[in-house]
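# Structural description and commentary
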Amino acid sequence: MLTRIACTRWRPVMRPIRSQALCLLALVMCPAAVVAEQPDTFTKPVRLVYGDPATIAPMMGPAMTVDWDRDGRMDLVGRNYWWPEPPKWWRNTGRMHKGVTLFERAGQGGIDEQRYGEPSCTMIGDLDGDRFFDAIVSTPKGFEWHEDTTTKGLRRFQRRGFLQSAFNGNLPMPEKGEEHPCCWLADFDGDGRTDLLTGTRSVGMDRYFPMVGIGFGQGWKDGTWLPRDLTATVWWHRNVGDNKQPRFSHGTLLTAGPGRRAITFFDHAEPVVVDIDGDSRQDLLVGTLEGVVVFRNEGKPKAMPRLDGGHALTFAGREGLPYASRTFFAFRDDRGLVHLRVGGPLASEAVQLDKNKPFAFGPLRTIPFRGAELRLDDFAVPDAADWDGDGKIDLIVGGQDGWIWFFRNLDPAGGVGRWAPPVWLKADDQVIRFVGQECLQGPVEKLWGYSNPTVADWDLDGDLDLVCGSMSDTYHYFENVGTRTRPRLTARGPLRVVGEKGGEVSTGWRSRPGVGDLDGDGLPDLVGVDGKSRLCWWQRYRDDGGRLRLKPPRLPVDGNGRPFVVAGHWRHVGRTKIVVCDWDHDGRADVLCSPPIAKNGGHQFFFGNQGLQGDKLVMKPEAKRIILDNLNFPPFTHYNMCEPVDFDGDGVWEVLAGFDRGYIYYWKQ
């Protein structure tokens, strides 16, 4: 894309190339447009932040609710989501923002410093009856016990040891899952001793993901997932010791309803003990993969619980949650109403509507944070483009849960120093979300849409459209039917090819498409991967009616005629993040591509465009030409993306990258 500077000269803006001919023309017209030497190694990363500490925004946040600073208000504390970050706490300001409690950035939380597993692995309560808080952290060696060592001000915890078994030794895990068990502390049977309730996520993962039989076009048959389902069960570890020396049973299956059936759910069962109906009996709330179920305690007060058959909570009249595999916390406010907080990506809260109708909650609303971190969801996939036509490069960001967000650039100089709170992108006046497909990793991920947006003028009408990869095995097109400065999207469905082998574009899942003119004909082509993880090129052309069409896929090759395998096998097919740009400034559009999962130590595959040789697109591969380096921790686990960008307009590529834990980093060399 080209933009006019001061209406006197043209210069290329560093975006995925849509017209190579125009770019060459610009260089000829303006010799000053020749760029400085392009670096390939980037060693000075900067994590993107909103830039204004007064910014109020949603974010990936914790759910555990504790008066951390002893000011009488309930704060949020815990790891925002997964390792490798230490836990943090967010102060309750005592104010409301759009009807929801406003929290503000406070500092590091003094617990769980070894950073095990998910946030739900840590639970705070009074374990030994001394009126001081204790924290339990499930770890590979057992349940660690930490004690609050403070009496005023901010809480700090010190490790005391491990919870002990009734048979001596460390209390073992009741079963093995993908993560260590989530925990809850409560006197569940009313005997005056604090018990431990646990739930282990994703039991049976080795049979849910067998080594063979799962791959592109496999795993499902007639709507049924063929391997074994995942399970999650709630266990009660009864305290049979005393307050000074608690000792626990190895796990009693909690049962409910007629027939006393074990409380087992698909994949996720996180126990939360709360008196949901105000009858002074401890009820059991279970956060599941995509909903919340409450088992009402029909036993006698201060006696062994007897749980009924369960009730699905409703949120604004609808069962279920829009999120999957979140962390949960519940508490009762001064009015006697129960608050349910849901942590992780897009930390949210819902409030009970009426004590007399205990299972009906209001809408789930995002929690506002002042001084929020700029991250919303796992697997952030940013695309940098001037979305609103104001001359500044904005961010269009996808993520695990399938939404797409617009972050408007507010930096006065057009750099990376300041951003507006995110706005969901819509198409046809509905929030865009990819969800509910029969994806390659089975039903556990049906609420994970893995949106992978690419911004491009796909229809060559002068404004910016979206082409998106997702959990499905194709790419979706959203046409901008608005204007360059007031974009308005409409969904056009999957991209399609024409000819004898026509139909939807078929590609590896969770991949981001590249858009650019690889053959120099002035038309934007499509680049992706196929079901065999090979780099693919869908050439663009105009039919006899002048309409833009896609040809069936072709395989770019090296100088010896060999195609490129850029991703893994089985369930590791796809996952690639592709961008088309003239990286080496030779006037031809190149391809950058992320390496396969678990083989991605901060580098990018580079494919230098050598041009057409007959009907073959020849590219010169360099496996580790582009290096993104010097992060405080290795964030590249599922993929290693690279988004070329030129914020400062000097004609030299800088890069952005999003990571598993939602952060976005920027490198300028």
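Structure report, in brief. (Residues numbered from 1 in each chain as written. Predicted model: local features only at pLDDT ≥ 70, side-chain atom pairs only at ≥ 80, totals over all residues. Heavy atoms only, no water.)

Scanning the protein for helices and strands turns up two helices and 60 strands. For the protein, with 669 residues in total, the buried portion stands at 58%. A separation threshold of at least 6 residues defines the contact pool for the protein, and within that pool the share at least 24 residues apart is 55%. For the protein, the accessible surface area stands at approximately 26500 Å², while carbon and sulfur atoms represent 51% of it. (Helix = DSSP H or I, 4+ residues; strand = E, 2+ residues; numbered from the N terminus. Buried < 20%, exposed > 50% of the residue type's maximum accessible area, 1.4 Å probe, protein only. Contact = heavy atoms within 4.5 Å. Areas by Shrake-Rupley, 256 points an atom, 1.4 Å probe, with all protein chains shown as cover.)

Here we take up the sheet that holds strand S51 (residues 535–538). Strand order in the open sheet formed by three strands is S49-S50-S51, with antiparallel pairing between adjacent strands. Two strands lie at the open edges of the sheet, namely strand S49 (514–516) and S51, each paired on one side alone. The sheet shows a mean angle of 25° between the axes of neighbouring strands, taken without regard to direction. Taken together, the three bridges between S49 and strand S50 (residues 525–529) define a ladder with antiparallel strand orientation. For Val 515, the partnering residue across the bridge sits in S50 and is Leu 526. (Pairing = 2+ DSSP bridges. Axes fitted to C-alpha atoms, helices over the stretch in contact; angles between N-to-C directions.)

Turning our attention to the nonpolar core. Soluble globular proteins tend to pack their nonpolar side chains together in the buried interior. Counting 87 residues, the largest nonpolar core has Leu 284 and Leu 340 as its most contacted members. If you count residues domain by domain, this core takes at least three from each of domain 1 (56–208 + 226–370) and domain 2 (376–667). In contact with Leu 284, not counting residues within four places along its chain, are Phe 188, Leu 197, Val 234, Leu 254, Ile 263, Pro 271, Val 272, Val 273, Val 293, Val 294, Phe 295 and Leu 307. The next biggest cluster of nonpolar side chains, apart from the first, holds 36 residues, and it includes Phe 42, Cys 642, Val 655 and Trp 667. (Core = buried A, V, L, I, M, F, W, Y, C linked by side-chain atoms within 4.5 Å. Domains from an automatic or database assignment.)

Aromatic rings in a pair are described by how distant their centres are and how their planes are angled relative to each other. Evaluated as defined, the whole model comprises 28 aromatic pairs. When the ring of Tyr 450 is compared with that of Trp 509, the centres are 5.7 Å apart and the planes differ by 80°; the resulting orientation is edge-to-face. Here Tyr 450, found in the loop between strand S42 (430–431) and strand S43 (452–456), pairs with Trp 509, found in the loop between strand S48 (503–504) and S49; they are 59 residues apart in sequence, far enough to count as distant. There is no split in this pair, since Tyr 450 and Trp 509 are both buried. (Phe/Tyr/Trp six-rings, centres within 6.5 Å; stacked < 30°, edge-to-face > 60°.)

Attention now moves to the pattern of salt bridges. Using the criterion set out here, one finds 39 salt bridges in the structure. When the shortest N-O distance is used, the salt bridge between Asp 191 and Arg 238 registers 3.8 Å. Taken together, the residues Asp 191 in the loop between strand S15 (182–186) and strand S16 (195–199) and Arg 238 in the loop between strand S19 (231–237) and strand S20 (247–248) connect sequence positions 47 residues apart. Relative accessible area serves as the criterion here: at 28%, Arg 238 is assigned to the partly exposed category. Across the pair Lys 668 and Asp 650 runs a salt bridge whose closest N-O atoms are separated by 3.5 Å. Taken together, the positions of Lys 668 in the segment after strand S60 (664–667) and Asp 650 in the loop between strand S58 (643–645) and strand S59 (654–658) put the pair 18 residues apart, joining distant regions of the chain. The class of Lys 668 is partly exposed, set by a relative accessible area of 35%. Judged by its relative accessible area of 36%, Asp 650 falls in the partly exposed class. Via salt bridges that share partners, Asp 69, Arg 91, Glu 104 and Arg 370 belong to a single interconnected network. (Salt bridge = Lys/Arg side-chain N within 4 Å of Asp/Glu carboxyl O.)

Next up on the list: the pairing of strand S32 (residues 338–343). Taken residue by residue, a regular strand's side chains alternate between the two faces of the sheet. Counting buried residues in S32 gives six out of six residues, a clear majority hidden from the surface. Burial along S32 is two-sided: Val 338, Leu 340 and Val 342 facing one way and His 339, Arg 341 and Gly 343 facing the other are all buried. Across six bridges, strand S31 (residues 327–332) lies against S32 in antiparallel orientation. Considered in S32, the bridge of Arg 332 is made with Val 338. Between S31 and the antiparallel strand that follows it, S32, lie five residues; Gly 336 among them carries a positive phi value of about 90°. When S32 meets strand S33 (residues 348–354), the two strands line up antiparallel, connected through four bridges. Looking at S33, one finds that His 339 is bridged to Val 351. Between S32 and S33, which pair antiparallel in sequence order, lie four residues; one of them, Gly 344, sits at a positive phi of approximately 105°.

Spatially, the four strands line up as an open sheet ordered S25-S26-S27-S28, and their pairing is antiparallel. Only two strands of the sheet have a single neighbouring strand rather than two, namely strand S25 (269–274) and strand S28 (311–312).

The next point concerns the layout of surface pockets. Its boundaries defined by the atoms lining it, the second largest pocket holds a volume of some 480 Å³. Along its surface, the second largest pocket is lined by 23 residues, and Thr 101, Phe 331, Asp 333, His 339 and Arg 341 are the ones closest to its centre. Among the elements of the structure, strand S8 (88–97), strand S9 (100–108), S31, S32 and S33 are those that each provide at least two residues to the lining of the second largest pocket. Top contributing element to the lining of the second largest pocket by residue count: S8, with four residues. Classifying every residue of the lining of the second largest pocket gives seven nonpolar, seven polar and nine charged. (1 Å grid on protein atoms, 1.4 Å probe; cavity = no way out; pocket = protein on both sides within 12 Å on 5 of 7 lines; lining within 4 Å. Points joined across faces, edges and corners; volume = space filled by probe spheres on them. Nonpolar A, V, L, I, M, F, W, Y, C, P; charged D, E, K, R; others polar.)

Pairing analysis gives two bridges linking S33 to strand S35 (residues 365–366), with the strands arranged antiparallel. Paired with Glu 349 across the strands is Arg 365, a residue of S35. Strand direction decides the pairing type here: S33 and strand S34 (residues 357–361), joined by two bridges, are antiparallel. Across the sheet, the residue bridging to Gln 352 is Phe 361, located in S34. Where S33 hands over to S34, the hairpin turn is made up of two residues, counted between the paired strands.

What follows concerns the environment of Lys 355. Relative to the helices and strands, Lys 355 is located in the loop between S33 and S34. When the C-alpha atoms of Lys 355 and Arg 335 are compared, they prove to be 9.2 Å apart, with 20 residues separating the residues in sequence. Not counting residues within four places of it along the chain, the set of residues in contact with Lys 355 comprises Asp 277, Arg 335, Gly 336 and Leu 337.

Moving on to the state of the cysteines. A complete count under the given rule lists zero disulfides for this structure. Of all cysteine sulfurs, the one in Cys 183 lies closest to Cys 182, which takes part in no disulfide; the gap is 6.9 Å. (Disulfide = S-S within 2.5 Å.)

This brings us to the environment of Thr 454. Mapped onto the fold, Thr 454 is located in strand S43. Given a relative accessible area of 2%, Thr 454 falls into the buried group. With 59 residues separating them in the primary sequence, Thr 454 and Pro 513 have C-alpha atoms 6.6 Å apart. Excluding residues that lie within four positions of it along the chain, Thr 454 makes contacts with Asp 383, Asp 465, Leu 466, Val 467, Arg 512, Pro 513 and Val 515. One polar contact links the side chain of Thr 454 to the main-chain carbonyl oxygen of Pro 513, over a distance of 2.6 Å. (Polar contact = N/O pair within 3.5 Å; in protein donor to acceptor, adjacent residues only side chain to side chain.)

Let us now look at the side chain of Gln 441. Tracing the sequence through the fold places Gln 441 in the loop between S42 and S43. Within the structure, Gln 441 has its side chain in polar contact with the side chain of Glu 445 (distance 2.3 Å). Reaching out from Gln 441, the side chain makes a polar contact with the side chain of Arg 575 at a distance of 2.4 Å.

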